[in-house]
Amino acid sequence: MFFVKVDIERCTGCGECVNICPVQVFQLGPDGKTDPYQAGECVGCMSCVEVCPEKCIEVLEI
Ligand code: SF4
Ligand code: SF4
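Read on for an overview of the structure. Quick caveat, the model's predicted, so the values are computed rather than measured. (Residues numbered from 1 in each chain as written. Chains lettered and ligands numbered in written order. Predicted model: local features only at pLDDT ≥ 70, side-chain atom pairs only at ≥ 80, totals over all residues.)

1. A short note on the nonpolar core
- Listed in full, the eleven residues of the largest apolar core are Val4, Val6, Cys11, Cys17, Cys21, Val25, Phe26, Cys42, Cys48, Cys52 and Ile57.
- Val4 has contacts with Val25, Pro36, Ala39, Cys42, Ile57 and Val59, leaving out every residue within four places of it along the chain. (Core = buried A, V, L, I, M, F, W, Y, C linked by C-beta atoms within 7 Å. Buried ≥ 20, exposed ≤ 12 C-beta atoms within 10 Å, placed from the backbone. Contact = placed C-beta atoms within 7 Å.)

2. As for the site of ligand 1
- Of all residues adjacent to ligand 1, which total 15 residues, the nearest are Cys21, Val25, Cys42, Cys45 and Cys48.
- Its residues placed into classes, the shell around ligand 1 shows 13 nonpolar, two polar and no charged. (Near = placed C-beta within 6 Å. Nonpolar A, V, L, I, M, F, W, Y, C, P; charged D, E, K, R; others polar.)

3. Digging into the site of ligand 2
- In the vicinity of ligand 2, 14 residues are found, and the nearest of them are Cys11, Cys14, Glu16, Cys17 and Cys52.
- Considering only residue class, the shell around ligand 2 consists of eight nonpolar, four polar and two charged.

Here's what the structure looks like:
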């Protein structure tokens, strides 16, 4: 299992993580920032960590 952690203060809502995640972990929330609402689906590919321009996503194996 993986834990998906976002530093919301730094998220600009660019949507790159939403677009790249192969299992649709993220959606943009009403505040215009990302929401890892399906974090339980994460397969640990690290694409979101690599693509985020703000480097504000961490994925940890738990
Ligand atoms: S590590 Fe991969 S599967 Fe997990 S949230 Fe990021 S893009 Fe999605
Ligand atoms: S890629 Fe980074 S900055 Fe862009 S919406 Fe996702 S978490 Fe926020």
